[in-house]
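Chain by chain, the residues:
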Amino acid sequence: MYRELALEFARVTEAAALASARWMGRGDKNAADDAATEAMRAMFDTINIRGTVVIGEGEMDEAPMLYIGEKVGLGNGGLELDIAVDPLEGTNIVAKGLSGAIAVLAAAHKGCLLHAPDMYMNKIVVGPEAAGCIHIDAPVEENLNNVAKALGKEVEQLSVVILDRPRHHELISRCRKAGARIQLITDGDVAPAVATAFPDSGVDIMMGIGGAPEGVIAAAAIRCLGGEMQGRLVPETEEEEARCRAMGLEDPRKILLLDDMVRGDGVIFAATGITDGSLLKGVKFTSQGARTHTVVIRGRTGTIRFIDALHRLDKKPNFGRGR
Ligand code: VTB
Ligand code: MG
Ligand code: MG
């Protein structure tokens, strides 16, 4: 994966973040999502790649752009890549002005990303120091103990991120009984999943059921960072099971390891904060323009770059506006 693409992809998530940040707290999640999607789509077409969206905003008939199968990039003989996007991960977060929304993408060589269907996935994610210490089917108490040991902490010092949903009541109460600390989030499980790989982020484990497409996006980052993630799709109907089989998963409920979700290290992951989160600061507008905070990670080398960018919107009035 060409190294200059890292900066190009950072510009793509910056544009999406800037566009949706204009909608922060305005109570309109669809407008925030559309703005991010349009801005991301427009920026892709400044890059010399031959990209195909494999995880996106939905099927062609339900999403006007960044739909699954859409070609993005200038073409021009550029690299053939599979692209997974979530222009606005955490639409409700932005609509309400809460924390933890990001614009995010992962790109990999063609055929290297699992084409996860739009359904639920059970996930457990830890950073590099605790890799090899989790199992998605182990009792949660056992995972907590093993991760604490690997991190050289007491279970009482662990911080576990879980989506605040009724489906997680048992998980939450068992974590609490075991003594672990929990950060309940309203939405947006990709950012905390990635944060587990940063020891000073305040997030040690992310677990629970969220979106499968976002699971693969998080897996791309964790793959680059050397952490561990396990997932299991949660098909809820026969139709969903059929979709799993159609994408080549004979057993829809098999455990998905990192290698199953992201093959090889020809991967780039980029995310820009929209609202403040554990890893990334949100977009700030100033008299000078706007400031964005982005992380971009390259699988081949594992280099992590945090890009703190000041955008002179007076010179680039269309940046982050989808045009
Ligand atoms: C959302 C979203 C998460 O999972 O909650 C979703 O905020 C699914 O859960 O970031 P619900 O259907 O209960 O809302 C994620 O999209 C991503 O995994
Ligand atoms: Mg989205
Ligand atoms: Mg999402």
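Along each chain, numbering runs from 1 in the same order as the chain's sequence is written. As a convention, the first chain written is A and the first ligand written is 1, with the rest following in written order. Given that the model is predicted, a residue must reach a pLDDT of at least 70 before its local features are reported, and side-chain atom pairs must reach 80 or more before they are shown or counted; all residues, however, enter totals for whole chains, interfaces and linings. Based on all heavy atoms of the structure, the side-chain values leave hydrogens and waters out of the count.

## Let's talk about the overall build of the protein chain
Broken down by element type, the protein chain carries 9 helices and 13 strands. For 323 residues, the compact-globule estimate of 2.2 N^0.38 gives 20 Å, and the protein chain sits close to it at 19 Å. In terms of principal-axis extent, the alpha carbons of the protein chain reach across some 55 × 45 × 40 Å. Here the protein chain, with 323 residues, has 55% of them falling under the buried criterion. Whether two residues are in contact is decided by their heavy atoms: any pair within 4.5 Å suffices. For the protein chain, restricting intrachain contacts to residue pairs at least 6 apart in sequence, the fraction spanning at least 24 positions comes to 69%. Summed over its atoms, the accessible surface of the protein chain is roughly 13900 Å², and 47% of this surface lies on carbon and sulfur atoms. Taken as two groups, the 37 positive and 45 negative side-chain charges of the protein chain have centres that lie 6 Å from each other. Here a helix means four or more residues in a row that DSSP labels H or I, a strand means two or more in a row labelled E, and each is numbered from the N terminus. Each radius of gyration is computed over the set of C-alpha atoms, and the globule rule expresses the reference value as 2.2 Å times the number of residues to the power 0.38. Categorising residues by exposure relies on relative accessible area from a 1.4 Å probe, with only protein chains included: less than 20% of the type maximum marks a residue as buried, more than 50% marks it as exposed, and the intermediate range marks it as partly exposed. Calculation of accessible area relied on Shrake-Rupley with a 1.4 Å probe; when residues are assessed, cover is drawn exclusively from the protein chains displayed. Residues counted as positive are Lys and Arg, residues counted as negative are Asp and Glu, and His and the chain ends are not counted. Where a charge lies is defined by one atom per residue type, namely NZ (Lys), CZ (Arg), CG (Asp) and CD (Glu).

## Focus: the site of ligand 1
What makes a residue near a molecule or strand is one non-hydrogen atom of that residue sitting within 4 Å of it. Around ligand 1, the neighbouring residues are E89, Y120, K123, L163, R165, R167, D187, G188, D189, G210, G211 and E214. Here Y120 contributes a side-chain N or O atom positioned 2.5 Å from an oxygen atom of ligand 1. Here a polar contact is taken to be a pair of N or O atoms separated by no more than 3.5 Å, where protein atoms must pair a possible hydrogen donor with a possible acceptor and residues adjacent in sequence count only if both atoms sit in side chains. For ligand 1, an oxygen atom lies 2.7 Å from a polar atom in the side chain of D189. In the complex, the protein chains occlude 79% of the 410 Å² of accessible area that ligand 1 would expose alone. Space inside and on the surface of the protein is sampled on a 1 Å grid over the protein atoms alone, with a cavity defined as a set of points where a 1.4 Å probe fits but cannot get out and a pocket as an open set with protein on both sides within 12 Å along at least 5 of 7 lines; lining residues have an atom within 4 Å of a point. To be counted as sitting in a cavity or pocket, a molecule needs more than half of its atoms within 2 Å of that site's grid points. The cavity where ligand 1 resides is the largest pocket. Residue composition of the shell around ligand 1, grouped by class: 2 nonpolar, 3 polar and 7 charged. Under the convention adopted here, Pro, Cys and the residues Ala, Val, Leu, Ile, Met, Phe, Trp and Tyr are nonpolar, Asp, Glu, Lys and Arg are charged, and Gly plus all remaining residues are polar.

## A look at the nonpolar core
Across soluble globular proteins, nonpolar side chains show a tendency to be buried alongside one another. Working definition of a nonpolar core: buried Ala, Val, Leu, Ile, Met, Phe, Trp, Tyr and Cys residues. They are joined through side-chain atoms within 4.5 Å. One finds V194, M229, L233, M261 and F269 to be the most contacted residues of the largest nonpolar core, which totals 51 residues. It is helix α7 (residues 212–225) that provides the largest number of residues to this core, a total of 10 residues. Domains are outlined according to an automatic or database domain assignment. Taken domain by domain, the makeup of this core includes at least three residues from each of domain 1 (4–112 + 266–311) and domain 2 (120–261). In contact with V194, other than residues within four places in its own chain, are A221, I222, L225, F269 and L279.

## Re the coordination of the magnesium ion (ligand 3)
Only nitrogen, oxygen and sulfur atoms qualify as donors, and only when within 2.8 Å of the metal (3.2 Å in the case of Na, K and Ca); with water excluded, sites may look incomplete. Binding of the magnesium ion (ligand 3) to the protein goes through D86 (OD), E89 (OE) and E214 (OE), at separations of 2.1 to 2.3 Å. Counting gaps between the donor residues of the magnesium ion (ligand 3) yields the pattern D-x2-E-x124-E. In this structure, the magnesium ion (ligand 3) lies 3.8 Å from the magnesium ion (ligand 2), and both are coordinated by D86. In this structure, D86 and E89 share a single accessibility class: buried.

## Let's talk about the domain arrangement of the protein chain
Accessible area lost during the coming together of the parts is what is often quoted as the interface size. Under the domain assignment, the protein chain is made up of domain 1 (4–112 + 266–311) and domain 2 (120–261). Here the C-alpha centre of domain 2 lies 22 Å away from the C-alpha centre of domain 1. Domain 1 puts 24 residues into the contact, and the matching count from domain 2 is 20 residues. By convention in these notes, a salt bridge is any Lys or Arg side-chain nitrogen within 4 Å of a carboxyl oxygen on Asp or Glu. Summed over the shared surface of domain 1 and domain 2, the number is 0 salt bridges. Applying the counting rule to domain 1 against domain 2 returns 1 residue pair in polar contact (both at pLDDT 80 or more). Elements with a minimum of two residues in the side of domain 1 that touches domain 2: β3 (79–89), α3 (91–96), β4 (102–109), β10 (267–273), β12 (289–298) and β13 (304–311).

## Section: the packing of aromatic side chains
Between two aromatic rings, the relevant description is the distance of the centres plus the angle of the planes. When two rings of Phe, Tyr or Trp (its six-membered ring) have centres within 6.5 Å they constitute a pair, described as stacked for plane angles under 30 degrees, edge-to-face for angles over 60, and tilted for the intermediate range. Tallied over the entire structure, the rule returns 2 aromatic pairs. Consider the rings of F9 and F44, whose centres lie 6.4 Å apart with planes at 65°: the pair is edge-to-face. On the criterion of sequence distance, the pair formed by F9 in helix α1 (residues 4–21) and F44 in helix α2 (residues 29–44) is long-range, its members being 35 residues apart. With a relative accessible area of 0%, F44 lands in the buried category. For the ring pair F198 and F306, a centre distance of 5.7 Å and an interplane angle of 65° mean the geometry is edge-to-face. Of this pair, F198 sits in the loop between α6 (190–195) and β8 (205–211) while F306 sits in strand β13, and the two are 108 residues apart along the sequence. What makes F306 partly exposed here is its relative accessible area of 40%. Between the NZ or CZ atom of R167 and the centre of the ring of Y120, over which it lies, the distance is 4.6 Å. Two conditions define a charge located above a ring, namely a distance within 6 Å from the ring centre to NZ of Lys or CZ of Arg, and an angle within 35 degrees of the ring normal. Lying over the aromatic face of F319, K316 brings its terminal NZ or CZ to 4.0 Å of the ring centre.

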